[in-house]
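# Working through the structure, step by step
Spelled out from the first residue to the last, the chains are:
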Amino acid sequence: IDWQIVDSENPFDFVPTDYQTFALETFTNATNIYKTNLPSKMVLLVGSENDGLPISILEQCQGVVYIPLSGKVQSMNVSQATAVAAFEWVRQMQES
């Protein structure tokens, strides 16, 4: 998996034209990552643990997904969440 840390006002400047951009966020319109067909050419954007991603970024993404959790906790550490999302992407790619 190719990955890159981008600290930019416009992360879309770094996205190849043939890739779709998805955000991992607990956003109102987010879909369950396990019920979402993730594209093979995908850039996954994750925000900071405290602030997440700006709405202006989320609105430009082709998809916004969340990891469903049980109990009172609504989110997890950003590195853990990224690992879970990467694993789900790999699982889906192996099944297709």
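Look up a bit, the structure's there.
Everything numeric here is computed off the predicted structure, so don't read it as measured data. (Residues numbered from 1 in each chain as written. Predicted model: local features only at pLDDT ≥ 70, side-chain atom pairs only at ≥ 80, totals over all residues. Heavy atoms only, no water.)

## Notes on the layout of surface pockets
Considered as a void within the structure, the largest pocket measures approximately 1,200 Å³ in volume. If you trace the largest pocket, you find 31 residues lining it, with Trp-3, Gln-4, Val-43, Leu-44 and Leu-45 closest to the centre. For the lining of the largest pocket, the element with the highest residue contribution is strand β3 (residues 42-46), accounting for five residues. The class makeup of the residues in the lining of the largest pocket is 20 nonpolar, eight polar and three charged. The computed volume of the second largest pocket comes to approximately 320 Å³. Considering the residues around the second largest pocket, the lining is formed by 19 residues, among which Leu-24, Glu-25, Thr-26, Ser-75 and Met-76 are closest to the centre. At the level of secondary structure, the elements contributing two or more residues to the lining of the second largest pocket comprise β4 (63-66) and α2 (78-95). Residues belonging to the lining of the second largest pocket are distributed by class as follows: nine nonpolar, eight polar and two charged. (1 Å grid on protein atoms, 1.4 Å probe; cavity = no way out; pocket = protein on both sides within 12 Å on 5 of 7 lines; lining within 4 Å. Points joined across faces, edges and corners; volume = space filled by probe spheres on them. Helix = DSSP H or I, 4+ residues; strand = E, 2+ residues; numbered from the N terminus. Nonpolar A, V, L, I, M, F, W, Y, C, P; charged D, E, K, R; others polar.)

## Notes on α2
Over its 18 residues, α2 extends 26 Å from the first C-alpha to the last, a length consistent with the 26 Å expected when each residue adds 1.5 Å. For α2, the set of buried residues is Ala-81, Ala-85, Glu-88 and Gln-92. The buried residues of α2 occupy an angular sector of 60° when the element is viewed end-on, so they sit on one face. Exposed and oriented more than 90 degrees from the buried face of α2 are Phe-87 and Gln-94. Next to the buried residues of α2 lie β1 (20-24) and β3. (Expected span 1.5 Å × (residues − 1). Buried < 20%, exposed > 50% of the residue type's maximum accessible area, 1.4 Å probe, protein only. Arc of directions from axis to C-beta. Contact = heavy atoms within 4.5 Å.)

## Things to note about the sheet that holds β4
Strand order in the open sheet formed by four strands is β2-β4-β1-β3, with parallel pairing between adjacent strands. Unpaired on one side and paired on the other, β2 (31-32) and β3 mark the two borders of the sheet. The pairing of β2 with β4 spans two bridges and is classified as parallel. From the neighbouring strand, Thr-31 faces β4, where its bridge partner is Val-65. On top of the sheet, α2 reaches β1 and β3; it is set at about 160° to β3, its chief contact. (Pairing = 2+ DSSP bridges. Axes fitted to C-alpha atoms, helices over the stretch in contact; angles between N-to-C directions.)

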